[in-house]
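Secondary and tertiary structure notes
Here is what each chain is made of, one letter per residue.
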Amino acid sequence: MTRAGFAAIIGAPNAGKSTLTNRLVGAKVSIVTRKVQTTRFPVRGVALSGESQIVLVDTPGIFTPRRRLDRAMVRSAWGGAEEADAVVHLVDVQAELALDAGEARGADRKAHEDVETIIEGLRASGRKAILALNKIDGVKRERLLALSARLFETGVYSEVFMISAADGSGVDDLLGRLAELMPEGPWLYPAEQTADLPVRLLAAEITREKVYLRVHEELPYAAAVETTAFSERKDGSVRIEQTLYVERESQRPIVLGKNGQTLKWIGQKSREELTELLDRPVHLFLTVKVDERWADRREFYGDVGLDFEA
C-alpha cells in the first residue's frame, strides 16, 4: 500500500531547515547559505522511503516580523505547518546550549526567542510536532538529553529525534518516521521528481544563493533575483535572463565588484550549477537594478507564493 502526504519543517532562521530538506530528498532543492532567512517561500522537496512519498514543505524561518516581507514569510511558514500531515520543529542545539552555559551571543539569544515563539504557536494551534534537535555533532549525550527533556516538557511534541542535517546522522530514522505518518493513497508526484518549484523560480534562487555566498557581509537582506526571460534555443541550450535587485545605489558596486568581477563570479557559479541541474548548456545574462521598493512590489509576492496582504 502506497502512502503520500506533506511534512512541514518549521524552525527559527538558520536552524538548518534547507540543509535537512536537501538531505532527506537526496538532491538540492532548497538554497543553503550562511545567511539567515534565505528561504523566502515554501520549497517542496519530494522524498521517498519504501512505499511512502513525503512532500517536504521547507518553510521560511519563523521569527518576530518587522516589515511586510517578514510578515508574509512568517504567515507562509505557519500556513505550511497547518496544512501538513506531519510537522517537524527543527531546533539548533548549539544555540540553546550556549544560552544554558551563559555563553550566548546575540544570534543565539535571537534563535532561542524564535524557538519560544514557535512553541507558543504550536500550543495555540493544538498541533503536536516532532522535535528534531539539529547540529548535535560533538555535544555530550547528557547535555542533549537534558535539553530534550526541557523542551519536551512544554507539551507540544510527540517525539524527539537527534540529528545532524549536515552529515546525515539520525536523518534516516526521521525519514522513516515521517514515512509512517503519511496517509495511505497514491503518490502525488512521479518517482523521479524531487521538487515542484518552477524552473524559472529555481534558477532565480540559485543565483540569489551565489549573491549571498559572495557578498553576504556587505549586503544585508537587500537583494532579490527575478528571472525575466527563459527560453529554449534550437541547439538544445537554454537562454536565461535575470535581474538582480538591490535597494540602494551604494549597493550596486558591491554586487558588480571591481571591473565587474563579482557579478561575473556570481554568473559563472550560477550558470555552472544550472547547467548541471538542467543537463544542458545554459546562457545566463545578469542585470543589476536599483529598486528601493522591490520588497513592496505586489507581483514579487505572487511569483514566490507569498501573501502580499500579510
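Structural notes, computed from the coordinates. (Residues numbered from 1 in each chain as written. Predicted model: local features only at pLDDT ≥ 70, side-chain atom pairs only at ≥ 80, totals over all residues. Heavy atoms only, no water.)

This part is about the pattern of salt bridges. A complete count under the given rule lists 13 salt bridges for this structure. Of the charged contacts in the structure, one is a salt bridge between K110 and D114, with a shortest N-O distance of 3.0 Å. Taken together, the positions of K110 and D114, both in helix α4 (residues 106-125) and 4 residues apart, correspond to about one turn of that helix. On the basis of relative accessibility, which here comes to 28%, the residue K110 falls in the partly exposed class. The network of salt bridges with shared partners includes E159, R177 and E180. (Salt bridge = Lys/Arg side-chain N within 4 Å of Asp/Glu carboxyl O. Helix = DSSP H or I, 4+ residues; strand = E, 2+ residues; numbered from the N terminus. Buried < 20%, exposed > 50% of the residue type's maximum accessible area, 1.4 Å probe, protein only.)

Here we come to the sheet that holds strand β7 (residues 223-232). With mixed pairing, 3 strands are arranged side by side in an open sheet as β7-β8-β9. Looking at which strands have only one partner, the edges of the open sheet turn out to be β7 and β9 (282-290). Mean inter-strand twist for the sheet, computed between neighbouring axes without regard to direction, equals 20°. Two strands pair when backbone bridges link them, and strand β8 (residues 238-246) and β9 are joined in this way by 9 bridges, in the parallel orientation. Residue pairing for β9: I240 is matched across the bridge by L284. Along the sheet, helix α7 (residues 199-215) makes contact with β7, β8 and β9, crossing β7 at roughly 135°. Lying over the sheet, helix α9 (residues 261-278) contacts β7, β8 and β9, oriented at roughly 140° with respect to β9. (Pairing = 2+ DSSP bridges. Axes fitted to C-alpha atoms, helices over the stretch in contact; angles between N-to-C directions. Contact = heavy atoms within 4.5 Å.)

This paragraph deals with the environment of A84. When you line up the elements, A84 lands in the loop between α2 (68-82) and β4 (86-92). By relative accessible area, which is 9% here, A84 ends up buried. The sequence separation of A84 and V57 amounts to 27 residues, and the corresponding C-alpha distance is 8.1 Å. Setting aside chain neighbours within four positions, we find A84 in contact with F6, A7, A8 and R127.

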